[in-house]
Each structure stands twice: as C-alpha cells, then as structure tokens.
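Descriptive structure summary
Residue strings, one per chain:
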Amino acid sequence: MTSIALFNNKGGVGKTTLAYHLAHMFQRIGLRVLAVDLDPQSNLTAMCLDETELEELWEDSSELIEQGVKHPAFPATGRVAPGHTIADAVRPILEGTGDIAHIRPAALAPGLWLLPGSLELSRFEDKLSNEWFKTYAGDPAAIRTTTAFHRIIQGAVSAVDADVVLIDIGPNLGAINRASLLAADTVLMPLAADLFSLKGLRNLGPTLQNWRQDWQQVILPRAPGKIPVPRALMQPLGYVIMQPEMRLDRPVKAYARWLERIPWVFGTAVLGQEVASTGDRSYEIATLRNYRSLMPLAHDARKPMFDLKAADGALGSTQKYVQTCFREFRSLAEAIISRLEGHGRPEED
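Below or above, wherever it landed, is the structure these notes cover.

Analysis parameters
- Residues numbered from 1 in each chain as written.
- Predicted model: local features only at pLDDT ≥ 70, side-chain atom pairs only at ≥ 80, totals over all residues.
- Heavy atoms only, no water.
- Helix = DSSP H or I, 4+ residues; strand = E, 2+ residues; numbered from the N terminus.
- Buried < 20%, exposed > 50% of the residue type's maximum accessible area, 1.4 Å probe, protein only.
- Areas by Shrake-Rupley, 256 points an atom, 1.4 Å probe, with all protein chains shown as cover.
- Core = buried A, V, L, I, M, F, W, Y, C linked by side-chain atoms within 4.5 Å.
- Contact = heavy atoms within 4.5 Å.
- Pairing = 2+ DSSP bridges.
- Expected span 1.5 Å × (residues − 1).
- Polar contact = N/O pair within 3.5 Å; in protein donor to acceptor, adjacent residues only side chain to side chain.
- Patch = residues over 30% accessible without salt bridge, like charges linked within 9 Å, V, L, I, M, F, W, Y side chains within 5 Å.
- Salt bridge = Lys/Arg side-chain N within 4 Å of Asp/Glu carboxyl O.
- Lys, Arg positive; Asp, Glu negative; His and termini not counted.
- Charge placed at Lys NZ, Arg CZ, Asp CG, Glu CD.
- Axes fitted to C-alpha atoms, helices over the stretch in contact; angles between N-to-C directions.

Each helix and strand counted, the protein has 13 helices and 8 strands in total. A burial count over the protein gives 52% of its 349 residues as buried. As presented, the protein carries roughly 15800 Å² of accessible surface, and 49% of it is formed by carbon and sulfur atoms.

Given below as structure tokens:
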C-alpha cells in the first residue's frame, strides 16, 4: 500500500477535483482505492456523497454517544451512518476520553472507499498544535495525538485491503496538515502556472523538509514502541499543472513565463537542490486542460467528468470532450503508478 497526499499551499488550483477523479480512475484500472478527506472544508466528501447522505453522515451523534452507541452499524442499504467521519474518529482524543475510534470507510463503488471528512475536524487543530512540541520529548499522549490520522488510515486500509490511499489536504501549513502529511508516503502537488502557486512552493518545500527531518531524526527515535507511528517519508512524487481558464486580460506570454519557472522552483524549494536546470521537467507528471464546462454536468450527475453520458447532458462535441478527459486522466493515473513502481517508490528502511 502506498499513500499519496495531494497538497498545495495555495488554494483554488483544482486539488480536490484532481483527488476525486484520480480515485475513480485508479479504481477503473483495477486498483483498490481508499480516498481520505482530511480537509476540514470536506469538499471531497461533498463531491462523493449526495446531500441526503451528507445530512445523515453529519447528524449530531451526541445522543448516540450518550446511549453508548459510538459506532452505529452501517445500514443494510446505505453507504453512510452517523459517527463515521474523521472528526468522530479523533473525538475521544479531543475530549480526553480515550484513543482514536476506528471508523468504517464508506463504499462508493466496488474497489473504492471514502474516509469522510467533517467541518468539525477543525476543532482538532488546536489540540494538534499544542501537542506537537511535546512529541520531541517522546510524550506518549502527544505522539498518539499526532499520529491519530496515520493510525485511522491504517485501520481503514486493513479493513478494505487498499492498494493506494489518496489523501486530500487543505491549502495551509497548519497543524492538521502537518499531521496529515506525516501519514503520507508521497506528495503530489497540483499547480497553476501563476505567481501564487510558485510562492506556495517556496513556502511548502522547506516546511516539508523540516517536518520530515524533525520527525525522523528527533521524534521517531523517542516514540514508544507500542504506538504505531508513520515514517513520514513525504517523498515528492511530482507535480501536475492545472491549466486555468484563459482570461482576455491575461496574455498567453504571462502564463508561459510562470510555466517556465516551475521546474526551477520545484527543484530548489521542494527537492532541496542547490542547482536545478530550468529545462528539467522530470517531476512534471502531466498538464491537465481546463474542464470547467464539464464540471456542472458532473456535479449534477454525481459522477466523474470522464463518465458523463448523453443522458447526463454530454451531447455532440461535449461527448468528444468527455472522451478526451478520460484519456488524459487515464494517462495521468498510469504515469503516477509508473512513478510509484519506479523511482517514485518510497525507499525501504
């Protein structure tokens, strides 16, 4: 099993859309996929489930907890049940009543599961932040808190026998994202060719290196052996360029100028190379065109853009666009698998 965190310090680049479609494409080509929503905004969860399911999933489970039913069984015909989100899983730690509570992933399709997110997860931010520095001394409670996401994911992976885990993370460098990235073997970065994405890379790269170094060299050796802890590899897998919707007030030359700078910034800031050739695009996995004309149809049909049919409103030339979308995402998924199997595979200890 390999975990991939999709992360960019800048929001609005299509990160969640990429995670959603990659999860479905990996499943289409035969992998068992676990998607994990660790963004408190819960956009990935909202894309995967309809409003009725969301209402049921996010129903206040306090009455159930008072009755001693922390994890109600999944309904026979439904995919979700109250008390089965990431926020519910960390609630015992947050409230000081115990360790993580393992939750059952929601089955989206054969071979595809979701660990749902919740807006309540934002309450865990302060707890994670306060416990971080205690981990340097090997404090067991602090390490249990910091590794909560890792252990929740591992429990779900064992339950569904997943081949790959896709972790959707919010666009910031806060404590929730730090704990999320510690659980990731690799990091895939969606980028836009603009100043903000490049600035985000310059912030992101050194931060990842510091978190990895602190965990592996200082915290990990002090961690109690009885607590399953991640290795915090966070190996840069590469980046995917998400083409923007071209505006009349934004010349093509401006787009090309930022595009040319990405390999150098990625090499110096993320990979830590002192010298990086501006022509080295070895970490550029793909460039995805803008599919915003398909997104409303996909949202209404509650399916990936590349699965849209004529009955969903994808008629005429739009259906050809759907086929192009399928080819691009399949090519991207295969390229990512190739990297995981080759030089992108995390090294063993």
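With that out of the way, let us pick up helix H5 (residues 86–94). Summarising burial for H5: 8 of the 9 residues are buried, a large majority. Among all positions in H5, only Ile86, Ala87, Asp88, Ala89, Val90, Arg91, Pro92 and Ile93 are buried. Downstream of H5 by a residue or two, Gly96 has a phi angle that is positive, lying close to 70 degrees.

We now examine unusual backbone geometry. The residue Ser42 is not glycine, and still its phi comes out positive at about 60 degrees. Relative to the assigned elements, Ser42 resides in the loop between strand S2 (33–37) and helix H2 (43–48). At Asp161, a residue that is not glycine, the phi angle is positive and equals roughly 60 degrees. Turning to its location among the elements, Asp161 is positioned in the loop between helix H8 (148–160) and strand S5 (164–168).

Glancing now at the nonpolar core. The biggest cluster of nonpolar side chains holds 58 residues, and the ones touching the most others in it are Phe149 and Met189. Excluding its chain neighbours within four sequence positions, the residues that come into contact with Phe149 are Leu38, Ile86, Val90, Leu121, Phe124, Leu128, Ile176, Ala179 and Ser180. Cys48, Val240, Ala286 and Ile337 belong to the second largest nonpolar core, which has 45 residues in total.

For strand S6 (residues 186–191), the tally of buried residues reaches 6 of 6 residues, placing the bulk of the element in the interior. Every second residue of S6 is oriented toward a common face, with Thr186, Leu188 and Pro190 on one face and Val187, Met189 and Leu191 on the other, all of them buried. Relative to S6, strand S1 (residues 2–6) runs parallel, the two being bridged by 3 bridges. What sits directly across from Leu6, in S6, is Leu188. Across 6 bridges, the pairing between S6 and strand S7 (residues 235–242) is parallel.

Below, the discussion takes up the side chain of Asn177. Along the chain, Asn177 turns up in helix H9 (residues 175–182). If we ignore the near neighbours within four places in the chain, the residues touching Asn177 are Phe7, Ile169, Gly170, Pro171, Asn172 and Trp211.

This part covers helix H10 (residues 195–219). Under the 1.5 Å per step criterion, the end-to-end length of H10 is 35 Å for 25 residues, consistent within 8% with the ideal 36 Å. Of all the positions in H10, only Ser197, Leu198, Gly200, Leu201, Leu204, Gly205, Thr207, Leu208, Trp211, Arg212, Trp215 and Ile219 are classed as buried. Looking at where H10 begins, the residue whose side-chain oxygen comes 3.2 Å from the main-chain nitrogen of Phe196 is Asp194.

Our focus in this paragraph is a positive patch on the surface. On the surface, a cluster of positive charge is made up of Lys199, Arg202, Arg257 and Arg261. The topology assignment puts Arg202 in helix H10.

Bringing the sheet that holds S7 into the picture now. Reading across the sheet, the 8 strands line up as S3-S4-S2-S5-S1-S6-S7-S8 and stay open at both edges, with mixed pairing between neighbours. In this open sheet, the two strands that pair with only one neighbour each are strand S3 (106–109) and strand S8 (284–288). Here the strands of the sheet are splayed against their neighbours by 25 degrees on average, with no regard to which way each runs. With 5 bridges connecting them, S2 and S5 associate as parallel partners. Following the sheet pairing, Val36 is matched in S5 by Ile167. Docked against the sheet, helix H1 (residues 15–28) engages S1, S2, S3, strand S4 (112–115), S5, S6, S7 and S8, running at close to 165 degrees with respect to S5.

The grouping of Glu51, Glu55, Glu56 and Glu59 at the surface amounts to a negative patch. Take Glu55: it is sitting in helix H3 (residues 51–57).

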